[in-house]
Amino acid sequence: MLEQRTLTDKGIFYTAGGLPRAERELAATVVSKVNGCIYCASVHARKASQLSKQDEAVQKLLNVAPGAVLSHGHTARWQAIIAFSAALSLTPAQPTQSQLSALREQGLDTLALLDLIQSTAFFAWANRLMLTLGEPFLPEQQG
C-alpha cells in the first residue's frame, strides 16, 4: 500500500509539463489549511515557498485565520488556484464554473487543470489519513 501511495505522490507532484510544481505544492498547502492538517500545511508551504521564491505570499497564506478567505491579497493566478483548491477541498466539494473560467483566464490548460485537481484531491485524502493519526508530537511536549 505504501509503495502505491508513494508512486501516486510522485506521479502527481514530479511529472514534467502541466502545472508548475510550485503551484502543485501551493494546492497541497491550501488543502491542508482547509482540512486543518498543520503538519502537511507546513511541509507543502515550505516546498511551495522554495520553488516559487514567493516566501511572503506563502507565509500570508499560512497566516490566514481558520474560516477566513485564503485567496485575498495574492496575484490573480494564485487567487484562482487558491480559491479553486479550497472549494474542491470542502465536503461536499464546491468548485464553480466561474472558478474554472478564472483558472483558464490565468493560462491553465487542460493538463495544468488536471494537475491542480490531482494535487488537491490527493492531499485531501492524505490529510484525512494524517488527521486520523492524531496531533503531531512536538519534543517540548515531553514529560
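Residues numbered from 1 in each chain as written. Predicted model: local features only at pLDDT ≥ 70, side-chain atom pairs only at ≥ 80, totals over all residues. Heavy atoms only, no water.

## Quick look at the environment of Glu3
And step 1. Looking at the secondary structure, you find Glu3 in helix H1 (residues 2-13).
And step 2. Assessed through its relative accessible area of 57%, Glu3 is described here as exposed.
And step 3. Sequence separation of Glu3 and Trp78 is 75 residues, and the distance between their C-alpha atoms is 32 Å. (Helix = DSSP H or I, 4+ residues; strand = E, 2+ residues; numbered from the N terminus. Buried < 20%, exposed > 50% of the residue type's maximum accessible area, 1.4 Å probe, protein only.)

## A short note on the UniProt feature "domain: Carboxymuconolactone decarboxylase-like" (unreviewed entry) in the protein chain
And step 1. In the UniProt entry, the feature "domain: Carboxymuconolactone decarboxylase-like" (unreviewed entry) is given for residues 3-65.
And step 2. Between the first and last C-alpha atoms of residues 3-65 the distance is 35 Å; the span itself is 79% helix and 0% strand. (UniProt positions renumbered as here; feature names shortened; annotations may be inferred.)

## Observations regarding the packing of helix H2 (residues 21-35) against helix H3 (residues 38-52)
Helix packing geometry: the angle between the two helix axes and the distance between the axes.
And step 1. For the pair H2 and H3, interaxial distance at closest approach is 8 Å and the crossing angle is 155 degrees. Here H2 is positioned roughly antiparallel relative to H3, judged by the angle of their axes. Crossing geometry of H2 relative to H3 is assigned as left-handed. In this structure, H2 contributes Arg21, Ala22, Glu25, Leu26, Ala28, Thr29, Ser32 and Lys33 to the contact, and H3 contributes Cys40, Ala41, His44, Ala45, Lys47, Ala48, Leu51 and Ser52.
And step 2. The residue inventory of the contact of H2 with H3, partitioned by class, reads eight nonpolar, four polar and four charged. (Axes fitted to C-alpha atoms, helices over the stretch in contact; angles between N-to-C directions. Parallel < 35°, antiparallel > 145°, perpendicular 65-115°, else oblique. Left-handed = near helix turned anticlockwise from the far one by under 90°. Contact = heavy atoms within 4.5 Å. Nonpolar A, V, L, I, M, F, W, Y, C, P; charged D, E, K, R; others polar.)

## Side note on the pattern of salt bridges
And step 1. In total, this model carries four salt bridges according to the counting rule given.
And step 2. Between Glu23 and Arg77 there is a salt bridge, with the nearest N and O atoms lying 2.7 Å from each other. With Glu23 in helix H2 and Arg77 in helix H5 (residues 76-89), the pair connects residues that are 54 residues apart, well separated along the chain.
And step 3. When its relative accessible area of 8% is taken as the criterion, Glu23 is described as buried. (Salt bridge = Lys/Arg side-chain N within 4 Å of Asp/Glu carboxyl O.)

## Notes on the packing of aromatic side chains
And step 1. For the coordinates displayed, the defined rule picks out three aromatic pairs.
And step 2. Between Phe13 and Phe123, the aromatic rings sit 5.6 Å apart at their centres with planes inclined by 80 degrees, giving edge-to-face as the arrangement. Highlighted residues: Phe13 in helix H1 and Phe123 in helix H7 (residues 110-131), separated in sequence by 110 residues.
And step 3. For Phe13, a relative accessible area of 2% translates into the label buried.
And step 4. Look at Phe122 and Phe123: their rings are 5.5 Å apart centre to centre, the planes differ by 80 degrees, and that puts the pair in the edge-to-face class. In terms of burial, Phe122 and Phe123 fall into one category: buried.
And step 5. Here the aromatic residues Phe13, Phe122, Phe123 and Trp125 are joined through ring pairs into a cluster of three or more. (Phe/Tyr/Trp six-rings, centres within 6.5 Å; stacked < 30°, edge-to-face > 60°.)

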